[in-house]
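# Reading the structure
So you can see what is in the structure, the chains are spelled out below.
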Amino acid sequence: MSEKKGKNILFINGILDGHFTGTVELVEELVALGHNVTCYIVKKFEDRLKHTGATLRTFEVVIEKSIIDNLPKRAPPFALNIFYYRNFIDLVLDYYIKNEEKGKYDYLVLDRFFDGNEMNKIIQASNVIAIYTCFITEEPPSIKNFEQDRKNAYIPVNKKYNLNLREYVLMHYVNDSKYKLMLTSKLFHPPTKKLDDSFYFIGPSIEKRPEDKSFTFKKDQNKKLIYISLGTIFNKNAEFFKKCIEAFKNNEKYQIIMAIGKKLDIKDLGEIPNNFLVYNYAPQPQILALTDLFICHGGINSINEGLLINKTPFIVIPQEADQFLNAKLIEKNEMGIALQNESITPELLKDTVNNIFNNEQKYKAGNAKIIQSFEEARKQRKAILEKLFV
């Protein structure tokens, strides 16, 4: 019997950090199954896929200075990402038309933030498979602001290619691709009538990254380590970080590591107490391996890493979009406590941390239940990929 021939797969990876991370392992798995995988990625992620054996096509995405300068003050933190996605789509489609053969690929696999069905009018792959990093719900949560501006941003690329691309925020709440790969478990997904037999829960992916040798932190085994981060997008919140400093400064029971993102200057936070280490960027997986409590925004990748790396209890302070859903799931499954951003005070932070540590076994048990569901979903990955890519 002759060996089964691998399929030709065009994989358009997510271009935001959280959306890219979940795709790395999928590329590895598809290559390992014998498929011919070509990845379209932004240049900054190239090194993270070189080891996979996939063919890489890289793109440098630039947002026009005129857009940055004229962005309305009412624009939400994710506003520039709309143009980032739009410009990447333009580069990808232009490259494809000039360099690739229509219908060359058996499968188009892409991050759900891309409108795969519309893009496939150019690419003409036989099948379209979407990857959901977040969830699918009845309607988009907390994204009504800037809605018309989001739609308007896509007008130039739609005219250029005669398409009807839907803007990227909306795409997480439609289910029109043939198959959908959900990077979570069914247990850790909000109830919705939209789920049908085209959705496959394959569990989260944790990217194996090289150790950052420059990060030399040593944990004091006699103290609790609290890690605080608001992720990479919704992190321009100096007041929140100042309240964290006020809540835990010079507390001999805690070591605090705080990653504040690249949009803030550490100097703007004032004097940093001796029990705090504050970074613009920190290697999150390495820190989580040592962490006793994770105070975060509730981004799905942060939750997955906190769970799978160290079963860490959470205090979740959602900032935007799907993070509010994630916070509800954290509380529903007794994995931690959710707080509202506008209600944060140093006293509330101290009381909530005490609550977590006084009930640590309860929250670890809740985490263990979700981790088990992740592991069960991940066990099905190979069989699901073999079923879909035939």
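Definitions and cut-offs
Residues numbered from 1 in each chain as written. Predicted model: local features only at pLDDT ≥ 70, side-chain atom pairs only at ≥ 80, totals over all residues. Heavy atoms only, no water. Helix = DSSP H or I, 4+ residues; strand = E, 2+ residues; numbered from the N terminus. Contact = heavy atoms within 4.5 Å. Phe/Tyr/Trp six-rings, centres within 6.5 Å; stacked < 30°, edge-to-face > 60°. Buried < 20%, exposed > 50% of the residue type's maximum accessible area, 1.4 Å probe, protein only. Lys NZ or Arg CZ within 6 Å of the ring centre and 35° of its normal. Axes fitted to C-alpha atoms, helices over the stretch in contact; angles between N-to-C directions. Parallel < 35°, antiparallel > 145°, perpendicular 65-115°, else oblique. Pairing = 2+ DSSP bridges. Polar contact = N/O pair within 3.5 Å; in protein donor to acceptor, adjacent residues only side chain to side chain. Salt bridge = Lys/Arg side-chain N within 4 Å of Asp/Glu carboxyl O.

In this section: the environment of Val157. Mapped onto the secondary structure, Val157 falls in helix α6 (residues 155–161). Residues Val157 and Thr52 lie 105 residues apart in sequence; the distance between their C-alpha atoms is 31 Å. Setting aside anything within four residues of it in sequence, one finds Val157 in contact with Arg86, Ile89, Asp90 and Leu165.

Enumeration according to the criterion identifies 20 aromatic pairs in this entry. Summarising the aromatic geometry, the rings of Phe59 and Tyr95 are spaced 5.7 Å apart at their centres and angled 85° between planes, so their arrangement reads as edge-to-face. Of the two residues, Phe59 sits in strand β3 (residues 55–59) while Tyr95 sits in helix α3 (residues 79–99), which places them 36 residues apart along the sequence. By relative accessible area, which is 8% here, Phe59 ends up buried. Relative to Phe314, the ring of Phe294 has its centre 6.0 Å away and its plane inclined at 40°; by these criteria the two rings are tilted. Linking Phe294 in strand β11 (residues 293–296) with Phe314 in strand β12 (residues 314–316), this pair joins segments that are 20 residues apart in sequence. Assigned by exposure class, Phe294 and Phe314 land together as buried. Taken together, the aromatic side chains of Tyr40, Phe59, Tyr85, Phe88, Tyr95, Phe113 and Phe114 make up a single cluster linked through ring pairs. One residue, Lys180, lies across the ring of Phe199, its end atom 5.0 Å from the ring centre.

Two numbers describe a pair of packed helices, the interaxial angle and the distance between the axes. Where helix α9 (residues 300–310) meets helix α12 (residues 360–379), the axes come as close as 10 Å, and the angle between the chain directions of the two elements is 95°. The pairing of α9 with α12 is recorded here as roughly perpendicular in orientation. Contacts from Asn304, Leu307 and Leu308 in α9 reach Asn367, Ile370, Ile371 and Phe374 in α12.

Here helix α4 (residues 116–123) lies mainly inside the structure; 6 of its 8 residues are buried. Residues of α4 that are buried: Gly116, Glu118, Met119, Asn120, Ile122 and Ile123. Considering only its buried residues, α4 is in contact with β1 (8–12), α3, β4 (107–111), β5 (127–132) and α6. Immediately downstream of α4, the backbone of Gln124 shows phi near 60°, a positive value.

Time to look at the pairing of β1. Successive side chains on a regular strand alternate, one facing one side of the sheet and the next facing the other. In terms of burial, β1 is a largely internal element, 4 of the 5 residues being buried. When β1 meets β4, the two strands line up parallel, connected through 4 bridges. Opposite Leu10, over in β4, you have Leu108 as the bridge partner.

Moving on: the sheet that holds β11. Taken together, the 6 strands give an open sheet; going across it, the order is β10-β9-β8-β11-β12-β13, and neighbouring strands pair in parallel fashion. In this open sheet, the two strands that pair with only one neighbour each are β10 (276–279) and β13 (336–338). Here the average twist between neighbouring strands, direction ignored, is 15°. Of the strands in this sheet, β8 (224–229), β9 (254–259), β10 and β11 touch helix α7 (residues 238–248), which is tilted by about 170° from β9. Relative to the sheet, helix α10 (residues 323–332) contacts β12 and β13, its axis offset from that of β13 by approximately 140°.

Right, let's talk about the side chain of Asn275 for a bit. As for its position among the elements, Asn275 is in the loop between β9 and β10. We classify Asn275 as buried; its relative accessible area is 13%. Within the local environment of Asn275, its side chain forms a polar contact with the backbone oxygen of Phe248, the two atoms lying 2.8 Å apart. At a separation of 3.4 Å, a polar atom in the side chain of Asn275 contacts the main-chain carbonyl oxygen of Tyr254. Non-local contacts of Asn275, meaning those with residues more than four positions away in its chain, are made with Phe248, Lys249, Asn250, Asn251, Tyr254, Gln255 and Ile256.

For the rest of this paragraph, the subject is the pattern of salt bridges. One pass over the full model with this rule turns up 17 salt bridges. Its salt-bridge partner being Glu46, residue Lys43 comes within 2.7 Å of it at the nearest N-O pair. Close ionic contact of Lys249 with Glu246 constitutes a salt bridge, the shortest N to O distance being 3.2 Å. By relative accessible area, Lys249 is classed as partly exposed at 40%. Salt bridges here are not isolated pairs; linked through shared partners, they connect Lys224, Glu360 and Lys364.

Attention now moves to unusual backbone geometry. The residue Asn162 is not glycine, and still its phi comes out positive at about 55°. Residue position: Asn162 is located in the loop between α6 and β6 (179–182). You will see that Lys311, though not glycine, has its phi angle at about 50°, which is positive. Within the secondary structure, Lys311 is located in the loop between α9 and β12. Given a relative accessible area of 47%, Lys311 falls into the partly exposed group.

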